[in-house]
Amino acid sequence: MDFSGISPLLNLLPQRIISWSLKMYMVESKGGAIVCMLLALLFLGTWPAVLTLLERRGRLPQHTYLDYSITNLLAAVIIALTFGEIGKGTPSAPNFFTQLSQDNWPSVLFAMAGGMVLSIGNLSTQYSLALVGLSVTEVITSSIIVVIGTTMNYFLDDRINRADILFPGVGCFLIAVCLGSFVHASNAADNKEKLKSLSTEATGFSTDKEALKNNVVRDSDVENGSGSAEKARAGTAGFLIELENRRSIKVFGKSTITGLAITFFAGICFSLFSPAFNLATNDQWHTLKEGVPHLSVYTAFFYFSVSCFVVGIVLNIIFLYHPILNLPKSSLKAYLSDWNGRGWAFLAGFLCGFGNGLQFMGGEAAGYAAADSVQALPLVSTFWAILIFGEYRRSSRKTYILLVSMLFMFVVAVGVLMASSGHRK
């Protein structure tokens, strides 16, 4: 891009804006990194709530994830074509299109490996959100990410974060994993008691597991929330049964262990994507040939998202015809004609895509270990879970105490991790 024709105008601009315009934009300050982390925290804490909303309104998760995958990739393309193409670029930091033709395949493969494990983790999360609940799923997966992924990133980043601050924060997340499991177990026990006390004659609903298992979602406008589940008060036994009738993933009769196992598997997958992305952008293992520049965060994110897209599309097409957890079979034709809730699914993909991009932009500046502070996203998810879905309404005092304790540990943890931020030289 030639700026010679507007040099008089450039002389009138502040020097910081000129330097920003003449090279590829990168977040370099600690303050800018924290802004990226906070925005990522909001986006990454909101998209799971959107998926939960669609599942509870009866939309098949396979349909939702296929829509989500499209806009998740589109977000990466938008970031690459804007931030990745601003300015001229330099030999050591080339622009997005320049890097596509360079011999940087070792770094590309690291980025694509990160996208693969993220896609598998997100796919698993879709099912654990139904089986375990929004807030507990996010607590456990986020805590595992920090305990495993943050520790790996600390050493990959040449220890630019303060260990005396960072690892106490990791400890807080580890405690939150335990508290999250206790919250789920306590809430499940509360729901069991509510269902036991329900009188079938008074409510007109059957609590028989076989009857609930065979119940079909009614033809009312479940996507717009006009089904009868809104008639029962949140937290009551009647509400739980109506929700079971309406939702796409049936949870009554499912083992608590099954839900927790899927959640822990998702957390392990999530814990690997950030270290893989770190290796892709900083080449700590010296896999690139001499003179080949490191992948920019924008180019790496593009490859990362392409891999995430391919894995998500392939697996969900398989699940259309071979579903898990007793979900009904579907087809590509049924998916293409299912426009109910498609806009919400597209929104979830954009939120996740831009959230991940902002997290990586912040991590490149302040260290990926500190950027994992966005894993405090359960604070946002729990807000949506309580506000929209009525989770933990009319639960026991024990459940409320555990819930507050869990959230308190997250508040402490995010503050500690952000305080450990360093500055990449």
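Residues numbered from 1 in each chain as written. Predicted model: local features only at pLDDT ≥ 70, side-chain atom pairs only at ≥ 80, totals over all residues. Heavy atoms only, no water.

1. Notes on the overall build of the chain
To be explicit about the condition: Segments assigned H or I by DSSP are reported as helices when at least four residues long, segments assigned E as strands when at least two residues long, and all are numbered from the N terminus. Residue exposure (1.4 Å probe, protein chains only): buried if accessible area is under 20% of the type maximum, exposed if over 50%, otherwise partly exposed. Every residue pair with non-hydrogen atoms within 4.5 Å of one another is taken to be in contact. Surface accessibility in these figures is a Shrake-Rupley result with a 1.4 Å probe; residues are shielded only by whichever protein chains are displayed.
When its secondary structure is counted, the chain shows 18 helices and 0 strands. Taking all 425 residues of the chain together, 56% fall into the buried category. Sequence separation of at least 24 residues holds for 84% of the intrachain contacts in the chain that already meet a minimum separation of 6. When the accessible surface of the chain is summed, it comes to about 18300 Å², and 67% of that surface belongs to carbon and sulfur atoms.

2. Comments concerning the environment of Trp344
One can find Trp344 in helix α15 (residues 342-366). Take Trp344: its relative accessible area is 41%, and that puts it in the partly exposed class. A C-alpha to C-alpha distance of 8.8 Å links Trp344 and Leu53, two positions 291 residues apart in sequence. Trp344 has contacts with Val50, Leu53 and Leu54, leaving out every residue within four places of it along the chain.

3. Some remarks on the pattern of salt bridges
The condition that has to hold: The term salt bridge refers to a side-chain nitrogen of Lys or Arg lying within 4 Å of a carboxyl oxygen of Asp or Glu.
Applying the stated criterion across every chain yields a total of 6 salt bridges. Notably, a salt bridge pairs Arg59 with Asp67, separated by 2.8 Å at the nearest N-O pair. Judged by relative accessible area, Arg59 falls into the buried class, the value being 2%. Connected through shared salt-bridge partners, Arg59, Asp67, Asp338 and Arg342 make up one network.

4. Brief notes about a nonpolar patch on the surface
Threshold: Only residues whose relative accessible area exceeds 30% and that form no salt bridge enter a patch; like-charged residues are grouped when within 9 Å of one another, and nonpolar side chains (Val, Leu, Ile, Met, Phe, Trp, Tyr) when within 5 Å.
Among the surface-exposed residues, Ile148, Met152, Ile268 and Leu272 lie close enough to one another that they form a single nonpolar patch of about 300 Å² accessible area. Where the nonpolar patch is concerned, the elements lending two or more residues are α7 (134-156) and α12 (256-282). Within the secondary structure, Ile148 is located in helix α7. The exposure class of Ile148 is partly exposed, given its relative accessible area of 33%.

5. Some words on the nonpolar core
Inclusion rule: In plain words, nonpolar cores are sets of buried Ala, Val, Leu, Ile, Met, Phe, Trp, Tyr and Cys residues tied together by side-chain atoms within 4.5 Å.
By size, the foremost hydrophobic cluster in this structure holds 81 residues, and its most contacted members are Leu44, Trp47, Phe273, Phe277, Phe301, Phe304 and Phe360. Per-element accounting of this core gives the leading share, 11 residues, to helix α3 (residues 30-56). Not counting chain neighbours up to four residues away, the residues in contact with Phe304 comprise Ala111, Gly114, Gly115, Leu118, Phe273, Phe277 and Phe360.

6. Considering the packing of α7 against helix α8 (residues 163-197)
The line we're drawing: Orientation is described by axes fitted as lines to C-alpha atoms, over the contacting stretch for helices, and by angles from 0 to 180 degrees between their N-to-C directions. Every angle not falling under 35 degrees, over 145, or within 65 to 115 is termed oblique; those three ranges are roughly parallel, roughly antiparallel and roughly perpendicular. The crossing is said to be left-handed when, going from far helix to near helix, the turn is anticlockwise and less than a right angle, and right-handed when the turn is clockwise. Here the nonpolar group is Ala, Val, Leu, Ile, Met, Phe, Trp, Tyr, Cys and Pro; Asp, Glu, Lys and Arg are the charged ones; every other residue, Gly included, is treated as polar.
Look at α7 against α8: their axes get within 8 Å of each other, and the N-to-C directions meet at 155 degrees. When the interaxial angle is binned, α7 and α8 end up roughly antiparallel. Note on packing geometry: the crossing formed by α7 with α8 is left-handed. Contacts between α7 and α8 pair Val136, Val139, Ile140, Ser143, Ile144, Val146, Val147, Thr150, Thr151 and Tyr154 from the former with Ala163, Leu166, Phe167, Val170, Phe173, Leu174, Ala176, Val177, Gly180, Ser181, Val183 and His184 from the latter. When its residues are assigned to classes, the contact of α7 with α8 shows 16 nonpolar, 6 polar and no charged.

7. Examining the packing of helix α4 (residues 61-82) against helix α6 (residues 105-132)
Helix-helix packing is characterised by the crossing angle of the two axes and by the distance between the axes. With their axes 11 Å apart at the nearest point, α4 and α6 run at an angle of 145 degrees to one another. Crossing hand, α4 versus α6: right-handed. In this structure, α4 uses Pro61, Gln62, Thr64, Tyr65 and Tyr68 to contact α6, whose residues at the interface are Ser119, Asn122, Leu123, Gln126 and Tyr127.

8. Let's talk about the packing of aromatic side chains
Worth spelling out the cut-off: Aromatic rings from Phe, Tyr and Trp, taking only the six-membered ring of Trp, are treated as a pair when their centres fall within 6.5 Å; an angle between ring planes under 30 degrees marks them as stacked, one over 60 as edge-to-face, and anything in between as tilted. Only when the NZ atom of a Lys or the CZ atom of an Arg is both within 6 Å of the ring centre and within 35 degrees of the ring normal do we say a charge sits over the ring.
Under the counting rule described, the total for this entry stands at 17 aromatic pairs. Note on Phe110 and Trp285: the rings are 5.7 Å apart at their centroids and 75 degrees apart in plane angle, and the pair reads as edge-to-face. With Phe110 in helix α6 and Trp285 in the loop between α12 and α13 (297-321), this residue pair connects regions lying 175 residues apart in the sequence. Each member of the aromatic cluster is reached from another via a ring pair, and the members are Phe96, Phe97, Trp105, Phe302 and Tyr303. Sitting over the face of the ring of Tyr335, Arg342 holds its NZ or CZ atom 4.8 Å from the ring centroid. Of note, Arg342 hangs over the ring of Trp339, and the distance from its end group to the ring centre comes to 4.4 Å.

9. Structural notes on α12
Selection criterion: Here the expected length of a helix is defined as 1.5 Å per residue gap, with one fewer gap than residues.
Between its first and last C-alpha atoms α12 spans 41 Å; for 27 residues at 1.5 Å apiece the expected length is 39 Å, and the two agree. Positive phi appears at Asp283, one or two residues downstream of α12, with a value of about 50 degrees.

10. Brief notes about unusual backbone geometry
At Asp283, a residue that is not glycine, the phi angle is positive and equals roughly 50 degrees. For Asp283, the location among the structural elements is in the loop between α12 and α13. Non-glycine residue Arg394 carries a positive phi angle of around 55 degrees. With respect to the secondary-structure elements, Arg394 resides in the loop between α17 (378-389) and α18 (397-419).

11. What about the side chain of Lys194?
Here is the rule we go by: Within this scheme the basic residues Lys and Arg register as positive and the acidic residues Asp and Glu register as negative, but His and the chain ends are omitted.
Within the secondary structure, Lys194 sits in helix α8. Although Lys194 lies buried, it forms no salt bridge, and the closest oppositely charged side chain, Asp190, sits 6.2 Å away as judged by the N-O distance. In this structure Lys194 touches Gly235, Ala237, Leu240, Arg393, Arg394 and Ser395, once residues within four positions along its chain are discounted.

12. Examining the side chain of Ser395
Stated formally: Any pair of N or O atoms that falls within 3.5 Å is considered a polar contact. Within protein, one atom must be able to donate a hydrogen and the other to accept it, and sequence-neighbouring residues count only if both atoms are side-chain atoms.
Considering the arrangement of structural elements, one finds Ser395 in the loop between α17 and α18. In this structure the side chain of Ser395 is engaged in a polar contact, spanning 3.2 Å, whose partner is the backbone oxygen of Tyr392. Excluding residues that lie within four positions of it along the chain, Ser395 makes contacts with Asn187, Asp190, Lys194 and Tyr400.

13. Structural notes on the confidence of the model for the chain
Under the convention used in this document: Per-residue confidence from the predictor is reported as pLDDT, which spans 0 to 100.
This prediction gives the chain a mean pLDDT of 80; 79% of its residues lie at or above 70. Here residues 1-22 scores under 50 on pLDDT; set against residues more than four positions off or in separate chains, the count is 12 contacts. Within the model, the stretch residues 199-230 combines pLDDT values under 50 with 50 contacts to residues more than four positions away or in other chains.

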